[in-house]
Amino acid sequence: MDLDQIIVHLNEILVSLKGIANAVDLQLRFGLVTGMVFGVLLQRAKVLRYDKQLAALRFQDFTILKFMMSTIIVGMIGTYFLYDQGLVKLSIKPTILGGTITGGLLFGVGWALLGYCPGTSMGALGEGRTDAFWGILGAVAGAALYAEMFPYLQDTLLKMHDYGKITLPQLLGVNHWIVIAGVSVIFLLSFMLMEKKGL
Amino acid sequence: MSKTREGWNPYLLGGLAGLLSVWSTYYTGKFFGASTSFVRAAAFVEDKVIPERAATLEYLVKNAAKMDWQMMFIIGIFIGALLSATLFGDFKFQAVPDMWKRHFGESAVSRGLVAFLGGAVAMFGARLADG
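Rules and cut-offs
Residues numbered from 1 in each chain as written. Chains lettered and ligands numbered in written order. Predicted model: local features only at pLDDT ≥ 70, side-chain atom pairs only at ≥ 80, totals over all residues. Heavy atoms only, no water. Salt bridge = Lys/Arg side-chain N within 4 Å of Asp/Glu carboxyl O. Helix = DSSP H or I, 4+ residues; strand = E, 2+ residues; numbered from the N terminus. Domains from an automatic or database assignment. Contact = heavy atoms within 4.5 Å. Buried area = accessible area lost by both parts, 1.4 Å probe. Patch = residues over 30% accessible without salt bridge, like charges linked within 9 Å, V, L, I, M, F, W, Y side chains within 5 Å. Areas by Shrake-Rupley, 256 points an atom, 1.4 Å probe, with all protein chains shown as cover. Buried < 20%, exposed > 50% of the residue type's maximum accessible area, 1.4 Å probe, protein only. Polar contact = N/O pair within 3.5 Å; in protein donor to acceptor, adjacent residues only side chain to side chain. Nonpolar A, V, L, I, M, F, W, Y, C, P; charged D, E, K, R; others polar.

## Observations regarding the pattern of salt bridges
All chains considered together, the criterion is met by 12 salt bridges over all chains. Measuring nitrogen to oxygen at the nearest pair gives 2.4 Å for the salt bridge that ties R29 of chain A to D25 of chain A. One end of the pair, R29 of chain A, and the other, D25 of chain A, are both in helix α1 (residues 3–44), 4 residues apart, so they sit about a helical turn from each other. Salt bridges sharing common partners tie together R44, K46, R49 and E127 of chain A together with D90 of chain B.

Now the structure itself:
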């Protein structure tokens, strides 16, 4: 290889590296903008607050449920619409009941103690709720503890009732739009009930 | 509806959040999430403080410290909430939430300790459930 060829190759490498850097950079920017819009939506619904989150857990105010279930309805319909067009890939997590049920119960206890979701605690901090900061530190500590216990959990809870990457439509043996319609109807009826009860 | 409960319509805002998530999935292939970033943060701290130990932990190696879409997403949530709260006059420094105060008193230390514990338990559970 002479010098010219090497330079051409180096140049090619440089261009592709630049491409990767730009792509990563673009992903980061999309992440930031998406998060910012989400933060505004959460803040405007006033669902970031401790009082609001605890009021939901105490069956006093279901604003959070209204927000989340509306997100699920639109997200579910939109994502599966794009999926049918072959425009998106689904990210299906394995159903491991040992992990999901135990983890879900622990999450609920932790959520009630903290009064913020670990993710939206960032938003609560943005509103000036400084107790969320301790929750965020706790969440990092919890993640570290999980990393320590991961080898043990892998041999125990994460082995119990592992059904792999299944979905409700597969399980029921029906088209996904039937499940989507069913869930939407149940959610809409729940909304009517919540409004009727003034929750 | 009492005055303290007022926010903008949660159905509309929740629906918009749904659209945002669909848009995000379409343009970047990213689904909303937060908890992996806390593992990356733990990896970041342990790499600095106890690097030998951190290198032996498969879970931290797998979720190594790095700036990625999700990390920017949760930083964005902070900035978006801060901007919105400031703009609409909702920003308030508060160490002890009102409801907590009514039941458990004014101590910011007790509140901080329980918040820390709650954050740890919730994150452990979220990771265990693969959420």
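## Brief notes about the domain arrangement of chain B
Accessible area lost during the coming together of the parts is what is often quoted as the interface size. Residues and elements named next belong to chain B. By domain assignment, chain B separates into domain 1 (11–92) and domain 2 (93–131). Between the C-alpha centres of domain 1 and domain 2 there is a distance of 19 Å. Counting from both sides, the interface comprises 7 residues of domain 1 and, opposite them, 6 residues of domain 2. For the pair domain 1 and domain 2, the summed buried surface comes to about 610 Å²; carbon and sulfur atoms form 54% of the total.

## Overview of a nonpolar patch on the surface
All names here are of chain A. Residues L3, I6, I7, L10 and I13 make up a contiguous nonpolar surface patch of about 480 Å² in total accessible area. Assignment of secondary structure puts L3 in helix α1. Classification of L3 as exposed rests on a relative accessible area of 61%.

## Some words on unusual backbone geometry
Residue and element names in this part refer to chain A. The backbone of F59 shows a phi angle near 55°, a positive value even though the residue is not glycine. Inspection of the secondary structure puts F59 in the loop between α2 (50–57) and α3 (63–84). The exposure class assigned to F59 is exposed, which follows from its relative accessible area of 63%.

## A word on the domain arrangement of chain A
Residue and element names in this part refer to chain A. Taken domain by domain, chain A comprises domain 1 (1–44) and domain 2 (47–197). Each of domain 1 and domain 2 was reduced to a C-alpha centroid, and the two centroids are 31 Å apart. Of the roughly 430 Å² buried between domain 1 and domain 2 on both sides combined, carbon and sulfur atoms contribute 72%. Counting the contacts that link domain 1 with domain 2 gives 0 salt bridges. Applying the counting criterion to the domain 1 and domain 2 interface returns 2 residue pairs in polar contact (both at pLDDT 80 or more). Class assignment for the residues of the side of domain 1 that touches domain 2 results in 3 nonpolar, 2 polar and no charged.

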